[in-house]
Amino acid sequence: MVSPPRQTADRTSPARALPVPFCLQGFFPFPDGIQELARVGVKAIIQPGGSINDKKIIKSANKAGMVMVFTGTRHFKH
């Protein structure tokens, strides 16, 4: 099975122009999202938290030198 092409930001991404925050209405399930955001220049993350992997997420953000704010509130309902 062939995976669909993955769209990623590159050096021309608007995120590279300024230190921008990334806001999320749900939590980060895995650290790879943090690593990708750091790669394109994101410097701060605002998210509700609540993942069983929060400790790994925090460690990844700290390693990347990112600021992370936990709101404690999810902004959608299922």
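Since this is a predicted model, take the numbers as computed values, not measurements. (Residues numbered from 1 in each chain as written. Predicted model: local features only at pLDDT ≥ 70, side-chain atom pairs only at ≥ 80, totals over all residues. Heavy atoms only, no water.)

Trainee: Just checking my understanding: could you explain the overall build of the protein for this structure?
Mentor: Summing up its helical and strand segments, the protein has 3 helices and 3 strands in all. For the protein, with 78 residues in total, the buried portion stands at 28%. Pairs at least 24 apart in sequence give 46% of the contacts found in the protein among residues at least 6 apart. In the structure as shown, the protein presents an accessible area of about 6000 Å², 60% of it carried by carbon and sulfur atoms. (Helix = DSSP H or I, 4+ residues; strand = E, 2+ residues; numbered from the N terminus. Buried < 20%, exposed > 50% of the residue type's maximum accessible area, 1.4 Å probe, protein only. Contact = heavy atoms within 4.5 Å. Areas by Shrake-Rupley, 256 points an atom, 1.4 Å probe, with all protein chains shown as cover.)

Trainee: Can you walk me through the pattern of salt bridges in this structure?
Mentor: Charged atoms that come close allow side chains of opposite charge to pair. According to the stated counting rule, one finds 1 salt bridge in the structure shown. As a salt-bridge pair, glutamate 36 and arginine 39 come within 2.9 Å of each other at their nearest N and O atoms. Within this pair, glutamate 36 and its partner arginine 39 are both found in helix α2 (residues 32-39), separated by 3 residues, close to a single helical turn. A residue is classified by how much of its surface remains accessible, and arginine 39, at 37% relative accessible area, is partly exposed. (Salt bridge = Lys/Arg side-chain N within 4 Å of Asp/Glu carboxyl O.)

Trainee: Can you walk me through the environment of valine 40 in this structure?
Mentor: Note that valine 40 resides in the loop between α2 and β2 (44-47). Sequence separation of valine 40 and proline 19 is 21 residues, and the distance between their C-alpha atoms is 9.9 Å.

Trainee: Explain a nonpolar patch on the surface here, please?
Mentor: On the surface, Ile46, Val67 and Val69 cluster together into a nonpolar patch covering about 220 Å² of accessible area. Following the sequence through the fold, valine 69 ends up in strand β3 (residues 67-70). Owing to a relative accessible area of 41%, valine 69 belongs among the partly exposed residues under this scheme. (Patch = residues over 30% accessible without salt bridge, like charges linked within 9 Å, V, L, I, M, F, W, Y side chains within 5 Å.)

Trainee: Teacher, can you tell me more about the nonpolar core here?
Mentor: One broad rule of soluble globular proteins: the nonpolar side chains tend to lie buried together. Phe28, Ile34, Leu37, Val40, Val42, Ile45, Ile57, Ala61, Met66 and Met68 together form the largest nonpolar core, which totals 10 residues. Counting only elements with at least two residues in this core, the list comes to α2 and α3 (54-64). The residues contacting isoleucine 34, other than those within four sequence positions of it, are Phe28, Ile45, Ile57, Ser60, Ala61, Met66 and Met68. (Core = buried A, V, L, I, M, F, W, Y, C linked by side-chain atoms within 4.5 Å.)

Trainee: Quick question: what am I supposed to make of the pairing of β2 here?
Mentor: Here is the key point about a regular strand: its side chains alternate between the two faces of the sheet. Judged by which residues are buried, β2 turns out to be one-sided: Ile45 and Gln47 face inward and are buried, whereas Ala44 and Ile46, on the alternate face, are not. Alignment of strand β1 (residues 21-23) against β2, held across 3 bridges, turns out to be parallel. The residue of β2 that forms the bridge with proline 21 is alanine 44. Pairing of β2 with β3 involves 4 bridges; the strand directions are parallel. Across the sheet, alanine 44 pairs through a bridge with valine 67, a residue of β3. On the question of chirality, the crossover connecting β2 to the parallel β3 by way of α3 is right-handed. (Pairing = 2+ DSSP bridges. Right-handed = clockwise from strand over helix to strand, strands pointing away.)

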